[in-house]
2 protein chains.
Amino acid sequence: MKKGFDELIAKVNECGMKKVAVSVAQDEAVLEAVQEAKKRGIADAILVGDEAKIREIAASIGMDLAGYEIIDEPDMIQASLKAVKLAHEGKADMYMKGLIDTKNFLKSVLDKEVGLRTGGVLSHVCVFDVPGIDQLLFLTDVAFMTYPTLEDKVNIIKNTLPVANACGLACPKIAPLAAVEVVNPKMPETVEAAELARMNEAGEITGCIIDGPLSLDLAIDPEAAKHKGATDRKIQGDADILLFPDIHAGNLVYKAIVHMVKDVKNGCILTGTKVPVILTSRSDTFETKVNSLALAAVVAEEMKKNA
Amino acid sequence: MKKGFDELIAKVNECGMKKVAVSVAQDEAVLEAVQEAKKRGIADAILVGDEAKIREIAASIGMDLAGYEIIDEPDMIQASLKAVKLAHEGKADMYMKGLIDTKNFLKSVLDKEVGLRTGGVLSHVCVFDVPGIDQLLFLTDVAFMTYPTLEDKVNIIKNTLPVANACGLACPKIAPLAAVEVVNPKMPETVEAAELARMNEAGEITGCIIDGPLSLDLAIDPEAAKHKGATDRKIQGDADILLFPDIHAGNLVYKAIVHMVKDVKNGCILTGTKVPVILTSRSDTFETKVNSLALAAVVAEEMKKNA
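(A) A look at the interface of chain A and chain B. Counting residues at the interface gives 37 residues for chain A and 37 residues for chain B. Three residues, His248, Leu252 and Met260 of chain A, lead the burial of chain A against chain B; their summed loss comes to 23% of the area buried on that side. Lysine 255 of chain B is the partner of aspartate 217 of chain A in a salt bridge, and the nearest nitrogen-oxygen pair spans 3.8 Å. If you look at where chain A meets chain B, you find 10 residue pairs in polar contact (both at pLDDT 80 or more).

(B) How the structure looks around the side chain of aspartate 152 of chain A. Looking at the secondary structure, you find aspartate 152 of chain A in helix α6 (residues 150–166). If we ignore the near neighbours within four places in the chain, the residues touching aspartate 152 of chain A are Val121, Met145 and Tyr147 of chain A.

(C) Structural context of the state of the cysteines. Evaluation of the coordinates by the stated rule reveals two disulfides over all chains. Two residues, cysteine 126 of chain A and cysteine 268 of chain A, share a disulfide whose sulfurs are 2.3 Å apart. You can see cysteine 126 of chain A sitting in strand β5 (residues 123–129) and its partner cysteine 268 of chain A sitting in strand β10 (residues 265–271), a full 142 residues away along the chain. For cysteine 126 of chain A, a relative accessible area of 0% corresponds to the buried category. Distance from the sulfur of cysteine 167 of chain A, which forms no disulfide, to the nearest cysteine sulfur (cysteine 126 of chain A) is 12 Å. Cysteine 208 of chain B provides the cysteine sulfur closest to cysteine 171 of chain B, a residue in no disulfide bond, and the two sulfurs are 6.4 Å apart.

(D) Quick look at the packing of aromatic side chains. Residue and element names in this part refer to chain A. Tallied over the entire structure, the rule returns four aromatic pairs over all chains. Measuring from centroid to centroid gives 4.8 Å for tyrosine 95 and phenylalanine 105, while their planes differ by 20°, and the two rings are stacked. Taken as a pair, tyrosine 95 in strand β4 (residues 94–97) and phenylalanine 105 in helix α5 (residues 102–110) lie far apart in primary sequence, 10 residues in all. Residue tyrosine 95 shares its accessibility class with phenylalanine 105, and that shared class is buried. Looking at lysine 38, its charged tip hangs above the ring of tyrosine 68, at a distance of 4.1 Å from the centre.

(E) A look at the relation of the copies chain A and chain B. Structural alignment of chain A on chain B gives an RMSD of 0.0 Å, achieved by rotating through 180° and translating 0.0 Å along the axis. Here the transformation between the copies is reduced to the relation of a two-fold axis. Among all C-alpha atoms of chain A, that of alanine 249 of chain A lies closest to the rotation axis, at 1.9 Å. Looking at chain A, 100% of its interface residues are interface residues in chain B too, so the copies touch through the same face.

(F) Just the confidence of the model for chain A, in detail. Taken as a whole, chain A shows an average pLDDT of 96; of its residues, 100% reach a score of 70 or greater. What the predictor reports for the complex is a pTM of 0.96 with an ipTM of 0.95.

(G) Fine view of the pairing of β5 of chain A. Residues and elements named next belong to chain A. Burial within β5 is extensive, with seven of its seven residues counted as buried. Alternating positions in β5 separate into two faces, Ser123, Val125, Val127 and Asp129 on one and His124, Cys126 and Phe128 on the other, with burial throughout. Pairing analysis gives seven bridges linking β5 to β10, with the strands arranged antiparallel. Directly across from serine 123, in β10, lies its bridge partner threonine 271. Bridge count between β5 and strand β6 (residues 137–140): three bridges; the pairing is antiparallel. Its bridge partner lying in β6, valine 127 is registered against phenylalanine 138.

(H) Molecular detail of the environment of valine 84 of chain A. All names here are of chain A. Within the secondary structure, valine 84 is located in helix α4 (residues 76–88). On the basis of relative accessibility, which here comes to 0%, the residue valine 84 falls in the buried class. Sequence-wise, valine 84 and aspartate 111 are 27 residues apart; in three dimensions their C-alpha atoms are separated by 8.8 Å. Apart from the residues within four sequence positions on either side, valine 84 is in contact with Tyr95, Ser108, Val109, Val114, Gly115 and Leu116.

(I) Representation of the packing of α6 of chain A against helix α7 (residues 188–201) of chain A in the model. All names here are of chain A. The contact between α6 and α7 brings their axes to 10 Å, and the two run at 50°. When the axes of α6 and α7 are compared, the pair comes out oblique. Crossing angle aside, the handedness with which α6 passes α7 is right-handed. The residues of α7 that touch α6, namely those facing Leu150, Lys153, Val154 and Ile157, are Glu192, Glu195, Leu196 and Met199. Partitioning the contact of α6 with α7 into residue classes produces five nonpolar, no polar and three charged.

(J) How the structure looks around the pattern of salt bridges. All names here are of chain A. Counted by the stated rule, this structure contains 42 salt bridges over all chains. For the salt bridge of lysine 305 with glutamate 302, the shortest nitrogen-to-oxygen distance reads 3.4 Å. Here the residue lysine 305 and the residue glutamate 302 both occupy positions in helix α11 (residues 286–306), the gap between them amounting to three residues, near one helical turn. Glutamate 302 gets classed as buried once you look at its relative accessible area, which sits at 13%. One continuous salt-bridge network, built from bridges that share partners, spans Glu36, Lys39, Arg40 and Glu287.

(K) Structural detail: the side chain of asparagine 159 of chain B. Residues and elements named next belong to chain B. Checked against the element boundaries, asparagine 159 lands in helix α6 (residues 150–166). Residue asparagine 159 is classed as buried on the basis of its relative accessible area, which comes to 14%. Setting aside residues up to four positions removed in sequence, asparagine 159 forms contacts with Val121, Leu122, Ser123, Thr271 and Gly272.

(L) Looking closely at helix α2 (residues 28–39) of chain B. All names here are of chain B. With 12 residues, α2 should reach 16 Å at 1.5 Å per residue; the first-to-last C-alpha distance of 16 Å fits that figure. Along α2, the positions that sit buried rather than exposed are Val30, Leu31, Ala33, Val34, Gln35, Glu36 and Ala37. The inward-facing, buried residues of α2 abut β1 (18–23), β2 (43–49), α3 (51–60), β4 (94–97) and α11 (286–306). The positive-phi residue at the C-terminal boundary of α2 is glycine 41, with phi of around 75°.

Reading guide: rules and limits
- Residues numbered from 1 in each chain as written.
- Chains lettered and ligands numbered in written order.
- Predicted model: local features only at pLDDT ≥ 70, side-chain atom pairs only at ≥ 80, totals over all residues.
- Heavy atoms only, no water.
- Contact = heavy atoms within 4.5 Å.
- Buried area = accessible area lost by both parts, 1.4 Å probe.
- Salt bridge = Lys/Arg side-chain N within 4 Å of Asp/Glu carboxyl O.
- Polar contact = N/O pair within 3.5 Å; in protein donor to acceptor, adjacent residues only side chain to side chain.
- Helix = DSSP H or I, 4+ residues; strand = E, 2+ residues; numbered from the N terminus.
- Disulfide = S-S within 2.5 Å.
- Buried < 20%, exposed > 50% of the residue type's maximum accessible area, 1.4 Å probe, protein only.
- Phe/Tyr/Trp six-rings, centres within 6.5 Å; stacked < 30°, edge-to-face > 60°.
- Lys NZ or Arg CZ within 6 Å of the ring centre and 35° of its normal.
- Least-squares fit on C-alpha atoms with pLDDT ≥ 70 in both.
- pLDDT = per-residue confidence, 0-100.
- Pairing = 2+ DSSP bridges.
- Axes fitted to C-alpha atoms, helices over the stretch in contact; angles between N-to-C directions.
- Parallel < 35°, antiparallel > 145°, perpendicular 65-115°, else oblique.
- Left-handed = near helix turned anticlockwise from the far one by under 90°.
- Nonpolar A, V, L, I, M, F, W, Y, C, P; charged D, E, K, R; others polar.
- Expected span 1.5 Å × (residues − 1).

Set out below in structure tokens:
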């Protein structure tokens, strides 16, 4: 049975609400999502930014700020550093982007003193609940790492595994994707996919099952896998994690799903950081922002448990 | 108003049925599609292959072979050469793959004496009717050309334009896709996309409007384009032709649409050849095979008109 976002939220409700530090919080869409996340028992928030503007927006959207901690800091860069420091010091369980450009937001994430570096690489994961597909799909990397090397791909997997674990998957199935499901020496993506599978087989990457290269039909459609006679593969339409060869393939598929599939749900976070980072974009829907907060909350709980 | 596959079929009905040469025709799924194409007034067929087996399959699926020309040639390679020759000589308007592996089928297409070479490169185009999207989408290249250079991309565009024209688009909008909609010198795909737009602006590529690089949301979702304030772009969610940076991006998006979007319709052909080539795969549905025949038929009619 697929655990959708409702189940993730139920899980957070069980463990207790998390706390999110919002960087430059004077953003209407972000405050709306933060308000909803509190209402649904996902997360409380510390709002860092221009307090006057925060109060103005809150009034305009009927958001009651009583009970929210507000840290007044009109300067954008200073606000981001103060907000990220809360997460750095453990006063917040997750860190969220507000009205600040991605570049400066990431600078705060990577700040050597108060940021969220762990020594590893950062990567992005987007979790999809697609109608008609039995499992949640974890797409990576569709937004952050551009042209991952084999080593990067190993690190992306290591960043993504705890996210899948937090969503209830003890040993997720990982499909390094390509246009084809067989190794073609003229396609380096297929060679690297096979190498990831070998590393998994050899015990060099653990806690998951890797089968690649895989075409998308074999990865997500059991009927297609059956039809193509892929009975000897470890993955037969039941992949959990879809590992993309590069950001173009990942981002184009991500947007095809968002803009073409009806009733799809998704939430995304940045991983490889000390706490989960929520980096939603202007074009994300309200529901996606709330789902991202829920995803970050279950991951934060998992990280706390394993700390 | 979007012209879907029903409109394409209506167009063929108007111009009159085309004729398809089937290479190694003893294939149940292919014969079923060929039978349906005749029933719908899309195409008559010349069946080249093992006559005994063709008759056996036809009997098993209740297909009346009266009125079909059958050329008995049990040898697979010989059958493919005899079939392609029919198209080469103008006795057939299109050429279709039957029970023969893709490699040998393509060998017949590329045969110097009886094949379908025109001197240009070959490329693949897949036409999609996606519910909720106002225009037909022409995806290229998702199956044939692996890592197109800038020159290849120009040729892919030149191969795809007549297909769009045949489907009623006099001056299609072309989106060279990438993960982002701005040029990033670290992403060669975006640089080449901008160069294609410049070549179009300078009159070096005509008969179309090219705007790139484009992310998929700006290419196909007018709401997203509006939301992102892309009011100065030539394409604002109304792209017709989606040009992919490589086969991985193209194929993964293609399969995401086929395996995730409900009620989607599609048909694909190989272009850059003397006549349209139908190269469906085992995993294509019956409807996709019939739609591919319809697409090939309107393209064949357009080529005849322009010859």
